[in-house]
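Observations on chain architecture
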Amino acid sequence: TEKFTTYYNSYPNGEYAEPALFYAAYGMYLDSPDPKLDQTKTYKAIAEFQRYMEEYPQSERSEQAKNYMFELQEKLAYKELLSAQLYLKLGNFMMSNNYESAVITAREAIKSYPFSKYNEDYQMVILRARFEYAEQSSLETQPERYRMVLDEYFNYKNTFPNGKYMAEADRYYKRAQSKIDSLPS
């Protein structure tokens, strides 16, 4: 990677500048670590592929660079999913509201990666977090929080009408609706 970068920076108009920039980015792609680890190298690889596509948009490797870049973005999206799931698992650990952190992380991931294959998983993390938070709330706050569960249920159902988590979402909906009906508002 370093040699390709050095060549490109030294000879930006050189005969091998285009492949040097591509292979520098590809080397960074190969160095990109597991999603559970720090993703600094992944961000650098994405930046280098973007630079390559800006410099050489008509190149034969441009499509390949775009595919590598999308793959790296999916890795970042998966890292966000892991973070949201961790917040959900932490729940009210140490008297902090990690359910809200799970919701915020998942919503930000949806904004950052709108075409990710993990969007349904993000939506489900939000629904689960809202439900768990409502379950653990005081009687005074439960009606409002169960209504939030219903809102998230309809959001999930409208976005993914045939979603893989529909049965689980329906269970949350039924439980939340029965709680709202039985609790004083």
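For the structure, see preceding data.
Residues numbered from 1 in each chain as written. Predicted model: local features only at pLDDT ≥ 70, side-chain atom pairs only at ≥ 80, totals over all residues. Heavy atoms only, no water.

1. Examining the environment of M53
Structurally, the position occupied by M53 is in helix α3 (residues 40-55). Sequence-distant contacts of M53, that is, excluding residues within four places in its chain, are made with S62, A65, K66 and M69. (Helix = DSSP H or I, 4+ residues; strand = E, 2+ residues; numbered from the N terminus. Contact = heavy atoms within 4.5 Å.)

2. Side note on the nonpolar core
Counting residues in each nonpolar core, the largest one holds 35 residues, and the members touching the most others are F49, Y52 and Y122. Contributions of two or more residues to this core are made by α2 (17-31), α3, α4 (62-90), α5 (98-112) and α6 (119-135). Examining the composition of this core, we find that 9 residues originate from one element, α4, more than from any other. For Y52, the contacting residues outside a window of four places in its chain are E18, L21, F22, S59, R61, S62 and A65. (Core = buried A, V, L, I, M, F, W, Y, C linked by side-chain atoms within 4.5 Å. Buried < 20%, exposed > 50% of the residue type's maximum accessible area, 1.4 Å probe, protein only.)

3. Quick notes on the packing of aromatic side chains
Considering all chains together, one arrives at 21 aromatic pairs under this definition. Ring geometry for F4 against Y23: centres 5.7 Å apart, planes inclined by 35 degrees, an arrangement best described as tilted. Taken together, the positions of F4 in helix α1 (residues 2-10) and Y23 in helix α2 put the pair 19 residues apart, joining distant regions of the chain. Considering the side-chain rings of Y26 and Y68, the 5.2 Å spacing of their centres and the 45 degrees angle between planes classify their relative orientation as tilted. Of this pair, Y26 sits in helix α2 while Y68 sits in helix α4, and the two are 42 residues apart along the sequence. The class for Y26 is partly exposed, based on a relative accessible area of 24%. Under the relative-accessibility criterion, Y68 is labelled buried at 15%. Cluster of aromatic residues (ring-pair linked, three or more members): F4, F22, Y23, Y26, Y29, F49, Y52, Y56 and Y68. One cation-aromatic arrangement involves R128 over Y165; the distance from NZ or CZ to the ring centre is 5.1 Å. (Phe/Tyr/Trp six-rings, centres within 6.5 Å; stacked < 30°, edge-to-face > 60°. Lys NZ or Arg CZ within 6 Å of the ring centre and 35° of its normal.)

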